[in-house]
Amino acid sequence: MEEMFEFRLHGRGGQGIVVAASIFVEAVFHDGYYARAFSLFGAERRGAPVTAFIRVSRDRLMPRSRIYQPDYVVVYDSSLAVETSTAGLKDGGILLINAGESKGGNLFLSTVGDSPYRIYAVDATEIAWKHKLAIGSFPMVNTVMLGAMASLSGFASLESLIKSIKKRVTARIDANISAVSEGYESVKEVEGLVT
Amino acid sequence: MPFEIMSGSQAAAAAVQRTGVDLVVAYPITPQTAIVETLANYDAKGELGCDFVSVESEYAALACCYGAAAAGARVFTATASHGLAYMHEMIHWCSGARVPIVMANVNRTIGAPWCLDPDQGDSLSQRDTGWMQIYCSGAQEVFDITMQAFLLSEELLLPCMVVFDGFYISHTYEAVDVPEQDAGRNFIGPPSFKAQIRPGSPANMHGLTTGDNQIHLIRNRHDTMLRAPEVFQRINAKFKETFDRSYGIIDSVIPPGVKTVFLAAGATAETVRWSLPKLKEAGLIQLRMFRPFPCADLRSVLEAHDVEKVIVIDRNCSTGMGGIFAQELRSAVYDLKKPPAVQDIILAGGIDLTYEMLESILREAKTEEHVEQKWGVDLK
């Protein structure tokens, strides 16, 4: 039985986590893995919490259940509930959050407190604004987070992500490629709590 | 290989696009919307190659399919849950008139209250309507079975429902081996049926008849549907030659010496299949065709392996009786020489099935007296 790696993504309706998950599946497939991603949401509405699950394996056969003990938790919006987001994350697992110097990420991190996880952050909101990736006042952080996810997990190369973005993203392709690259390069481990 | 990353819903739409249909009738409903949305996108890009009609309701969608199919067109529509319930009367009219139609139904709980999770009660509530029903366990299967369903439906002049779980399949992105459009169309060919109203043919245009005549039509429909397994196997033999994949009306994985098997349909079957090597002492019967019910195949596989216990995963519940797959199985096997004990695990409301639950079910099966019915939420 091939080893399987599990990701759980927490975001809000409209942030594009479903699209991000499908881009990720395609990129890791290109790099030699099978992957499956699916999302759970109520009736689609902007701003409501959305959860997506991704499994990666060399084997095409994988279970079709939700993920309760993920290896990776990815938080797109640091105003989401900490307990719900980190529930079941394995000891030594990776927690990736969208958090910057002056954003609510500090609060999220201080709530996580001393944890058995390795915590990484990327300032996806700032990067999305920089590349003018927003719908009105709503920054589209998905491609930045995607870059960070791929970089941390090592399942997809930046080249494969860009290839998949070119195929699956229909607007602002250049800006999204810049965003995914910046996410890929700038994600960093959080040493202790950010104050 | 021509793999594409797509969701189960997109796989259904891609299969329709590659089959070469004459008409797609569309009305959206969660979690099926992506099927008609994908077909609408093909149409907008001029890649659908057939008429695409948006209608005002699910009832109208199926009425429109009926009219076109009665005129000899190959038609497709998709729905879910309340949409399927709203079609209920037309569902009977279509099978009674003996028109071939392929309809995807994405399982979703029927209210009240509103719920989006994938209870199978929507499609199972249409059990007795004269439609064939095939349950798929993943996007590849959705793609392949949707294509095959046109041939099956047209040969038997009976409509066919291709069924799969909302979210766990409809919204799951995965790699699907997708043939080029030409390969798909060459395999299926043009519609082979003719809508003919003539003496001796069961096809009709909704005229008035008496029970004395109607019984012959109902009997003909029943006898014809019982031929579906044989036709399905023939289609799959041909499909395997072309695409190197094939499906059974049931598919079983029963390791030597294993006496306890799970029976599951749809997404849960794949979760069981993945879990088997870790569970060790369990097998799987994936129920793919539900109507007609594969009594003969089930009996022979259970007898051949001397199965002592079947644990049925029912993501549904017939209030006042219990899980529907378990009921059907019991009536199919009660008179075997050594009928297996049947345990029904009810996941009504479309609740999740995990490896840990399967482990717990098996553990309890070994340590407890036989229990006929258990609710998924009570598993420890």
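Residues numbered from 1 in each chain as written. Chains lettered and ligands numbered in written order. Predicted model: local features only at pLDDT ≥ 70, side-chain atom pairs only at ≥ 80, totals over all residues.

Participant: Before we move on, can you summarise unusual backbone geometry with the specific residues and values?
Facilitator: All names here are of chain B. Cis rather than trans, the peptide bond between threonine 30 and proline 31 has omega equal to 0°. When you line up the elements, proline 31 lands in the loop between β2 (23-26) and α2 (33-44). The peptide bond linking arginine 291 to proline 292 adopts the cis configuration, its omega dihedral lying at 0°. Among the secondary structure elements, proline 292 is positioned in the loop between β12 (289-291) and α12 (295-304). (Helix = DSSP H or I, 4+ residues; strand = E, 2+ residues; numbered from the N terminus.)

Participant: Before we move on, can you summarise the sheet that holds β12(B) with the specific residues and values?
Facilitator: All names here are of chain B. Pairing is mixed in the open sheet, where seven strands are placed in the order β3-β2-β4-β5-β7-β6-β12. At either end of the open sheet lies a strand with only one pairing partner, and these are β3 (51-54) and β12. When the angles between neighbouring strand axes are averaged without regard to direction, this sheet yields 20°. With two bridges joining them, strand β6 (residues 132-135) and β12 adopt antiparallel strand pairing. (Pairing = 2+ DSSP bridges. Axes fitted to C-alpha atoms, helices over the stretch in contact; angles between N-to-C directions.)

Participant: Requested: an account of the sheet that holds strand β10 (residues 260-264) of chain B, with residues and values cited.
Facilitator: Residue and element names in this part refer to chain B. The six strands lie next to each other as β9-β11-β10-β13-β14-β15, forming an open sheet whose pairing is mixed. Only two strands of the sheet have a single partner each, and these edge strands are β9 (250-253) and β15 (373-375). Strand-to-strand twist in this sheet, taken as the mean axis angle between neighbours without regard to direction, amounts to 20°. When strand β14 (residues 341-346) meets β15, the two strands line up parallel, connected through three bridges. Considered in β15, the bridge of isoleucine 345 is made with lysine 374. Against the sheet, helix α13 (residues 324-333) contacts β10, β11 (283-287), β13 (309-314) and β14, and its axis sits at roughly 145° relative to β13. On top of the sheet, helix α14 (residues 355-367) reaches β10, β13 and β14; it is set at about 145° to β13, its chief contact. (Contact = placed C-beta atoms within 7 Å.)

Participant: Could you give an account of the interface of chain B and chain A, naming the residues involved and the relevant values?
Facilitator: Each partner contributes to the interface: chain B provides 23 residues, whereas chain A provides 21 residues. Among the secondary structure elements, those contributing two or more residues to the side of chain B that touches chain A are β1 (3-7), β8 (173-177) and α11 (267-279) of chain B. Counting residues per element, the side of chain B that touches chain A draws most heavily on α11(B), which supplies seven residues. A breakdown of the residues in the side of chain B that touches chain A according to their chemical character gives 13 nonpolar, six polar and four charged. (Nonpolar A, V, L, I, M, F, W, Y, C, P; charged D, E, K, R; others polar.)

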